Amino acid sequence: MKKLIICLSLLVGLTTGMKAQESGQVWLGGSVGASSSKVKDGIRLNQFNIIPEAGYMFTDSWGVGIKLGYLHNENDRDGFREKKDGLVVNPFARYSFLKSDLGNLFIDGGVGYSYLKNQSSALKTHEIEVGFRPGVAINVSDKVTLTGKYGFLGYQYEKEDDRKTNTFGLDFDLSQIQLGMIFTF
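An account of the accompanying structure is given in this report. Numbering of residues starts from 1 in each chain and follows the order in which that chain's sequence is written. pLDDT decides what is reported in this predicted model: residues at 70 or higher carry local features, side-chain atom pairs at 80 or more are listed and counted, and totals for whole chains, interfaces and linings draw on all residues regardless. Side-chain calculation: all heavy atoms of the structure are included, whereas hydrogens and water are not.

**As for the overall build of the protein chain**
For clarity, the cut-off: Under the scheme used here, helices are H or I runs from DSSP no shorter than 4 residues and strands are E runs no shorter than 2 residues, and both carry numbers assigned from the N terminus. We call two residues contacting when some pair of their heavy atoms lies within 4.5 Å. Here the open area of atoms and residues is found with the Shrake-Rupley method and a 1.4 Å probe, where only the protein chains shown may cover a residue.
For the protein chain, the count of helices and strands is 1 helix and 10 strands. Pairs at least 24 apart in sequence give 55% of the contacts found in the protein chain among residues at least 6 apart. Carbon and sulfur atoms make up 64% of the accessible area of the protein chain, which amounts to about 11,300 Å² in all.

Listed below in structure tokens is the structure:
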């Protein structure tokens, strides 16, 4: 019940101030993420990423940006450890709405490419995604904003050697949380 009251208060706060973001604004920032999962008597998966981003608001509601980052995955299965390191590139468009002095809500839509290389073998993984990520921005000051993105709606393609995976859907699990901070100029 407390969570519902807090969410409703945040929504009312976001909709009452209605402060428009200025066009021509540049932002720099990014996000970090980490997760760990384990199947009983099975695989343990640890992941870490750091993804800086830069963007430009060309109207009060629309902006464009790009994310360039580093990914690290570790699988531990029956004492065998597999480590992968890689890069991600993700150009995107951002639509911001429900703006106020407190912050705003936004949706990022983009195309992402990830490349991961296995450290102990010649395996390489290529991933492509096209989709949308909803988010919230909370203004800490005039120049600093905390961001949170949760979920993904879209298409993802993964190729590792001869294995190919196509996924389409709506994904709201904990691996989709991205917390970050941006600085505006």
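Now that the structure has been shown, we can carry on.
**Re the packing of aromatic side chains**
Put simply, the test is: Classification of ring pairs rests on two measures: the distance between centres of Phe, Tyr or Trp rings, Trp counted by its six-membered ring, which must be within 6.5 Å, and the angle between planes, read as stacked under 30 degrees, edge-to-face over 60 and tilted in between. Exposure is judged per residue with a 1.4 Å probe applied to protein chains only, and the accessible area is read against the type maximum: over 50% gives exposed, under 20% gives buried, and values in between give partly exposed. Note on geometry: a ring has a charge over it if NZ (lysine) or CZ (arginine) is within 6 Å of the ring centre and within 35 degrees of the ring normal.
As enumerated under the stated definition, the model contains 4 aromatic pairs in all. Aromatic pair tryptophan 27 and phenylalanine 92: ring centres 6.4 Å apart, planes at 40°, arrangement tilted. Of this pair, tryptophan 27 sits in strand 1 (residues 25-38) while phenylalanine 92 sits in strand 4 (residues 80-97), placing them 65 residues apart in sequence. The pair tryptophan 27 / phenylalanine 92 is uniform in exposure class, with both members buried. Centre to centre, the rings of tyrosine 150 and phenylalanine 172 are 5.4 Å apart; their planes meet at 45°, and the pair counts as tilted. Separated by 22 residues along the polypeptide, tyrosine 150 in strand 7 (residues 144-150) and phenylalanine 172 in the loop between strand 9 (163-171) and strand 10 (177-184) bring together distant segments of the chain. Looking at phenylalanine 172, the relative accessible area reads 40%, which means it is partly exposed. Taken together, the aromatic side chains of Trp62, Tyr95 and Phe97 make up a single cluster linked through ring pairs. Positioned over the ring face of phenylalanine 92 is lysine 67, at 5.3 Å from the centre of the ring.

**Digging into the side chain of serine 114**
Relative to the helices and strands, serine 114 resides in strand 5 (residues 103-118). Setting aside its immediate chain neighbours within four residues, serine 114 contacts Leu71, Leu87, Val88, Thr125, His126 and Glu127.

**Things to note about the pairing of strand 1**
Note the threshold: Paired strands, as defined in this entry, are two strands with at least two bridges between them according to DSSP.
Examined bridge by bridge, strand 1 and strand 2 (residues 44-57) share 14 bridges and lie antiparallel to one another. By the bridge assignment for strand 2, serine 37 is matched with leucine 45. The pairing of strand 1 with strand 10 spans 6 bridges and is antiparallel. Bridging across to strand 10, leucine 28 finds its partner in phenylalanine 183.

**Some thoughts on the pattern of salt bridges**
We apply this condition: Salt bridges, as used here, are contacts in which a Lys or Arg side-chain nitrogen is within 4 Å of a carboxyl oxygen on Asp or Glu.
As enumerated under the stated definition, the model contains 10 salt bridges in all. For glutamate 160, the salt bridge is made with arginine 163, and the minimal N-O distance between the two is 3.1 Å. Taking the relative accessible area as the measure of exposure, arginine 163 reaches 44% and is therefore partly exposed.

In short, geometric facts, not functional conclusions.
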